Structure formats: C-alpha cells, structure tokens
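Observations on chain architecture
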Amino acid sequence: MTSKWWQQSVFYQIYPRSFQDSNHDGIGDLNGITARLPYLKELGIDAIWLSPVFASPNVDNGYDVSDYCAIMPEFGTMEDMEELITAANNMGIKIIMDLVVNHTSSEHPWFKKALAGDPHYKDYYIFRSDKKGLPNDLNSFFGGSAWEYVPERKEYYFHLFAKEQPDLNWENPAVRKEVWQIMNFWLQKGVGGFRLDVIELIGKIPDQKIIGDGPLLHPYLQEMYREVLAEKDVVTIGETGSVTPLTAPLYTDPNRKELSMVFQFQHMALDEVPQTSKWNLKKLDVSELKTVLSRWQTQLPATAWNSLFWSNHDQPRILSRWGNPDCYPVESSKMLAILLHMMKGTPFIYQGEELGMTNQEVSDIKQLDDIESINYYTKERANNTKTAKIWQAINTKGRDNARTPMQWSAAQHAGFTTANVTPWYPINPNYTTINAAACLQDKNSIFYTYQKLIRLRKEQPLIVWGDYHLLNTAETIFAYTRSYQGETWLICANFSASEQTLSLPYTAKQTIITNYPSTYCKLEQLTLRPYETFVVKLH
Ligand code: ISL
Ligand code: CA
C-alpha cells in the first residue's frame, strides 16, 4: 500500500468539555483548545480527534447530536470553530471531527418531525407497530430494551444507546444523502477527516436481530467513499467494536475504497470476564495482552491498517488500569507508552495520558455524570447488588474516570478554569502534583517520553513499517523486535512491579529510549527493575 500521512502520524484525542475553559463558565470550549495548540505542537502530534462539538442536549455528552452543522453554544460559535481549524492547520495539525451518525439526538428536528407523524422523516428512523408488544428482545448498550414506546403513535422506535439517541434508518437513501452532505459541509471547512462513531452498527437489521456487521454495512461505506471521500486526502477512522485482524481489511483494503483505519477493542476486554459485561472485573493477564496485541501486529494483512491506543473517553485511565499509580506512576506510564508506540499502527494519545493522569474515585451517585454508569448503578441497586461491588466496578471501569478536567497546572482548578468558577466536573485532587506545568519543567517527565516517541516515529521508518516479532519470555516481560531493511530494534518491558531477571542472546549497538537512566549493551544477563523498559538497536 502506498504510504499515507496518517500512517506516519500520531493523533491526540480531545474531550472538549474537559480540556480548557476560556470564558469562565467551568466548561471546556473551542477557544480553550485554540489557546492550547502550542502545547500540542510542543508534544508533536499531527492531528486532533475532537470528540463531538455539535449542538447537543448532552444526554451522552455530545454523542447525541441535535444539529450536525451547528456548534454546541457551550463550546462556542461556528467562527470559533473556523478559527480553531485555521490555527491548527497553520501549525500543521489536522482537526478530525467525530461523526456520530448511527443515531441522532431525540431533539434533532428530523426526529421531532418523525414523532409528529411526518412520513418523510418517520422513515429516517426505525419505527415498528405495537400490535404484538415489543418488536423483539434486543437490548440497548446502556441497559434496558432497545425499543422505546411512543404512546401517541402507538409505535416503538429503535435505539441502541439511550432512548434519547434514536437510531437512524440507513436503509433509507435520503438518510445517507443527509450524512454525505454533513461530511461535505465539514470538509469544506478544512477538517482533515472523520472518526466514525460506532460505524459497524449502521448496517443493522433490527427485525432479524442483526446489529453489528450487517450485510449492507460495507456497501454503505463504499457509497460514502464514492459520494464524499474519493480523491480527497482525508483520514477516516472507523470505531469498530468487534473487528478482528481478519475482518479489518474489509474496512481498510484500499482496493475496496472504504475507510483508512479501524479502531479495534480486543485488548480493552482483557480485564473483564469473557462474554459478560465491562463491569464484571477480572485481573489483566499480561500473557493475554501479549497474545492479543501481537495478533494485531502479525495477522493483519498488508491491506489493513490499525490504530494503537490505551485510553479514550470511554475507558478508564491506563495508568490506573494497567500501570502502577501509587508506587511507580512515572516508570509504569512510560513503560505503557513505549510498549504501544513502538508497535505498528497509528497511535492515539488521550488527553492527560501524557501527564500520567489517573482515575478519580467516587462513592455517591451524585458524583456520576456518565449515563452508562448511572444506568448501571440504578439497575444493580434494583437487583440488590452490594454497593461496594457496584462502586468497585464503576471506579475501575466507569467512563467518568477519563473525563475529569485536564490538569494544566498547580493553580486552583488545575488551570482548567478560573479560580472563582466551579468546573463542570470535579478536578482530580492530585492535580497539585500531576499537571502539565510540572511535566514541562521536568526533563524526565512522562510528557517528554511521549514527545520523544512521537519524534522517533517521524524519523524512523522502522517504527512505521517494520516487521514485528514477539519474543518468548516470562509472562510479565513483554519483549518484541521490529525489523526493517536490515535493521532490527528490540523493545523490552517489565510489565510488573517486581524485579525480573532475563537473558536475551543479543548485544545492543545503541540505546534508543528507556524509562530508567541506563544504557544497554550485553543483554545475556539482565535484571529489570520495576516496569523497566528499553528500546535498543540490535543491528
Ligand atoms: O463506552 C463503552 C463501554 O463503556 C463502549 O461500549 C461504547 O459504548 C462504544 O464503544 C461506543 O462508543 C461510542 O458511541 C457511544 C458513545 O456513548 C461513546 O462515547 C462513543 O465513543 C454512543 O454514541
Ligand atoms: Ca467555557
């Protein structure tokens, strides 16, 4: 496949509500992002995945859109958005919009007209008669039936997420045309592409209980390419919850003309009891992580392209999840960063990950904002599940963990908003020590490890293109090589808080990056300190 800019790029995800407030209302906004572009430039990223900024009643924090061509007033105006796009483009940073078109908000005019009985707009959604009660037993991802009854219409409508997020009927060509228009509207404003929210669901056939990977999914994506993307140098990232290395090429093989890359989630399921739910906790088994991540490195055909990530706005903070925030916050954060960024694929950094931000513990339903956690809590309480168990699950996996405001400095409210303003969501009290200003002043901080990893990817085609080979080591050592045009690098990580001895039949020629101040030469007798990680050139 001929090389593309997005294969050699590093993306950074911004959750706008929690990034930077600029107008003293305690809510992050577009002008706040523009003001922080120099910080992102310093980090070195190439593109921003901007979580939704469209008009929305915020039942699911912007993932319920009521107008795709208007900006949420809390975030600013269309002029602010245009300014952000221009300022970012001038710095060589592309803005990637988060397109949420599996569903709209129930406040979208299309849905309101549908509810009022307008036949044209009724066919934009999925309504079924109530003759035999619930159309079927499909459930929504946020709990309860996927069918919501509308007494005035004596009909049900379909929603895979909250009832305020009615699913669009993609079988209707008029719906697809609306989506192409929305995409063109934003491309004309100069955005660099789209992250396509839950895109694998658009081919659903609810009556046959087909949800993901429906038979028309790929034809729709090919139509999207023909109608919008052809001849444009933009990136499209499909959020594809059930994609495997074998199905990934269906989305990304350039000959099929669909998407640029997939976002896979197999590693994110490794700390839950298989085939249950995200709330059923299980300890991570590092050997399973090695297996899953390595599979994505070696089984992905050359026609496919994958993304790399530890965190996003739906996942807990990776340092709290699989690192060691209490004893080895810096070492384990850097271990995770190096391990992932030396792999093949396009890395995505989630805001604050580069600072070592952590989960925030809560113990009262009033402290929850996320609809998924609130629904889970309510349901489990109704089932008489012990509160301690519910809170353990929410504190480990809840989505609010990643959504606390960005920690910019040790000033009040972490520099996220002004001193006398209440932030929309409480700031993690550890901001006094974990913050961007502190990181920028410390040349050994996590921030500079990320900065170096980003720079290395730009300088070293081996990181982008090299072949991957997993080494057979003890369970808690994660070691692999990358080879490209006669050169081989070794990446070796102690994925544990205890010392590990290790013998590798190699001699290092050059040390590339480490998380302890060491250089490496003979590798036959190694004692790795907690989370010790290094990358060396072997030949
Ligand atoms: O959040 C999840 C698990 O906690 C995922 O199952 C998530 O619902 C799934 O990845 C889809 O996510 C996307 O669409 C949702 C939205 O709530 C998420 O924030 C978004 O990333 C509905 O639009
Ligand atoms: Ca604001």
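Per an unreviewed UniProt entry, the recorded name for the chain is Alpha-glucosidase, and the organism is Enterococcus saigonensis. The heading Sequence similarities (unreviewed entry) in the UniProt record of the chain holds the text "Belongs to the glycosyl hydrolase 13 family."

Looking only at helices and strands, the chain has 16 helices and 20 strands in total. For 539 residues, the compact-globule formula gives about 24 Å, and the C-alpha radius of gyration of the chain, at 23 Å, lands near that figure. Across its three principal directions, the C-alpha atoms of the chain cover 75 × 55 × 50 Å. When the 539 residues of the chain are sorted by exposure, 60% land in the buried category. A separation of at least 24 residues holds for 67% of the contacts in the chain among residues at least 6 apart in sequence. Seen as two clouds, the 51 positive and the 61 negative side-chain charges of the chain have centres 4 Å apart.

The next subject is the domain arrangement of the chain. Here the domain parsing of the chain yields domain 1 (109-158) and domain 2 (466-537). In this structure, domain 1 and domain 2 have C-alpha centres spaced 56 Å apart.

The next subject is the sheet that holds strand β6 (residues 127-129). Strand order in this open sheet of 3 strands is β6-β8-β7, and the pairing throughout is antiparallel. Both outer strands of the open sheet, β6 and β7 (147-150), are each paired with one neighbouring strand and no more. Averaged over all pairs of adjacent strands, the angle between strand axes in this sheet comes to 35°, irrespective of strand direction. Where β7 meets strand β8 (residues 155-158), 4 bridges bridge the pair, whose relative direction is antiparallel. Counted as the bridge partner of Val150 is Glu155 from β8.

Now for the site of ligand 1. By nearness alone, 15 residues border ligand 1, and Asp60, Asp197, Glu239, Lys278 and Asp314 come closest of all. The separation between an oxygen atom of ligand 1 and a polar side-chain atom of Arg195 is 3.2 Å. Here an oxygen atom of ligand 1 sits 2.4 Å away from a polar atom, N or O, in the side chain of Lys278. Bound to the protein, ligand 1 loses 87% of the 490 Å² it would expose on its own. Tallied by class, the residues present in the shell around ligand 1 amount to 4 nonpolar, 2 polar and 9 charged.

Evaluation of the coordinates by the stated rule reveals 38 aromatic pairs. For the pair Tyr39 and Trp408, a centre-to-centre distance of 4.9 Å together with 80° between the ring planes defines the contact as edge-to-face. Here Trp408 lies in the loop between α13 (387-397) and α14 (436-441) and Tyr39 lies in helix α2 (residues 37-43), a separation of 369 residues in the sequence. No difference in accessibility class separates Tyr39 from Trp408, as the two residues are buried. Ring geometry for Phe265 against Phe309: centres 5.4 Å apart, planes inclined by 65°, an arrangement best described as edge-to-face. With Phe265 in the loop between β11 (261-263) and α9 (286-298) and Phe309 in strand β12 (residues 307-309), this residue pair connects regions lying 44 residues apart in the sequence.

A few words now on unusual backbone geometry. In this structure, Asp213 takes a positive phi of about 55° despite not being glycine. Inspection of the secondary structure puts Asp213 in the loop between β9 (193-196) and α7 (217-229). The partly exposed category is assigned to Asp213, whose relative accessible area is 38%. Phi at His413 is positive, roughly 55°, even though this residue is not glycine.

Here helix α11 (residues 329-341) contains 13 residues, and its C-alpha end-to-end distance of 18 Å stays within 8% of the 18 Å for a straight helix at 1.5 Å per residue. Of all 13 residues in α11, 10 are buried; the element is thus mostly enclosed. For α11, every residue scored as buried is listed here: Ser332, Ser333, Lys334, Met335, Leu336, Ala337, Ile338, Leu339, Leu340 and His341.

This paragraph deals with the sheet that holds strand β2 (residues 47-50). The 8 strands are arranged β11-β10-β9-β5-β2-β1-β13-β12 in an open sheet whose pairing can be described as parallel. Looking at strand neighbours, the two that pair on one side only are β11 and β12, the edges of this open sheet. Recorded for the sheet is a direction-independent mean angle of 25° between the axes of neighbouring strands. Across 4 bridges, the pairing between β2 and strand β5 (residues 94-99) is parallel. Paired with Ala47 across the two strands is Lys94, which belongs to β5.

Moving on: the side chain of Glu353. Relative to the helices and strands, Glu353 is located in the loop between β13 (346-350) and α12 (371-382). Of the buried charged residues, Glu353 lacks a salt bridge, with Arg317 as the closest side chain of opposite charge at 6.2 Å. A distance of 3.2 Å separates a polar atom in the side chain of Glu353 from a polar atom in the side chain of Ser311. Residues in contact with Glu353, not counting those within four places in the same chain, are Trp310, Ser311, Arg317, Ile318, Phe348, Ile446 and Tyr450.

Quick look at the packing of helix α6 (residues 173-188) against α7 now. Between α6 and α7, the shortest axis-to-axis distance is 10 Å and the interhelical angle comes to 45°. Regarding the angle of α6 to α7, the classification is oblique. With respect to the hand of their crossing, α6 and α7 are arranged in right-handed fashion. Residue-level contacts link Arg176, Trp180, Met183, Asn184 and Leu187 of α6 to Tyr220, Glu223, Met224, Glu227, Val228 and Leu229 of α7.

On to the layout of surface pockets, then. Counted as a void, the second largest pocket has a volume near 520 Å³. Along the walls of the second largest pocket sit 22 residues, with Lys283, Leu284, Ser320, Arg321 and Trp322 positioned nearest its centre. Looking at the lining of the second largest pocket residue by residue, the classes come out as 7 nonpolar, 9 polar and 6 charged.

One pass over the structure, following the stated rule, counts 30 salt bridges. Between Lys204 and Asp167 there is a salt bridge; the shortest N-O distance is 3.0 Å. Here Lys204, found in the loop between β9 and α7, pairs with Asp167, found in the loop between β8 and α6; they are 37 residues apart in sequence, far enough to count as distant. Owing to a relative accessible area of 0%, Asp167 belongs among the buried residues under this scheme. In this structure, the salt-bridge partner of Arg399 is Asp314, at a minimum N-O distance of 3.1 Å.

Scoring rules and cut-offs
- Residues numbered from 1 in each chain as written.
- Chains lettered and ligands numbered in written order.
- Predicted model: local features only at pLDDT ≥ 70, side-chain atom pairs only at ≥ 80, totals over all residues.
- Heavy atoms only, no water.
- UniProt positions renumbered as here; feature names shortened; annotations may be inferred.
- Helix = DSSP H or I, 4+ residues; strand = E, 2+ residues; numbered from the N terminus.
- Rg over C-alpha atoms; globule rule 2.2 N^0.38 Å.
- Buried < 20%, exposed > 50% of the residue type's maximum accessible area, 1.4 Å probe, protein only.
- Contact = heavy atoms within 4.5 Å.
- Lys, Arg positive; Asp, Glu negative; His and termini not counted.
- Charge placed at Lys NZ, Arg CZ, Asp CG, Glu CD.
- Domains from an automatic or database assignment.
- Pairing = 2+ DSSP bridges.
- Axes fitted to C-alpha atoms, helices over the stretch in contact; angles between N-to-C directions.
- Near = heavy atom within 4 Å.
- Polar contact = N/O pair within 3.5 Å; in protein donor to acceptor, adjacent residues only side chain to side chain.
- Areas by Shrake-Rupley, 256 points an atom, 1.4 Å probe, with all protein chains shown as cover.
- Nonpolar A, V, L, I, M, F, W, Y, C, P; charged D, E, K, R; others polar.
- Phe/Tyr/Trp six-rings, centres within 6.5 Å; stacked < 30°, edge-to-face > 60°.
- Expected span 1.5 Å × (residues − 1).
- Salt bridge = Lys/Arg side-chain N within 4 Å of Asp/Glu carboxyl O.
- Parallel < 35°, antiparallel > 145°, perpendicular 65-115°, else oblique.
- Left-handed = near helix turned anticlockwise from the far one by under 90°.
- 1 Å grid on protein atoms, 1.4 Å probe; cavity = no way out; pocket = protein on both sides within 12 Å on 5 of 7 lines; lining within 4 Å.
- Points joined across faces, edges and corners; volume = space filled by probe spheres on them.

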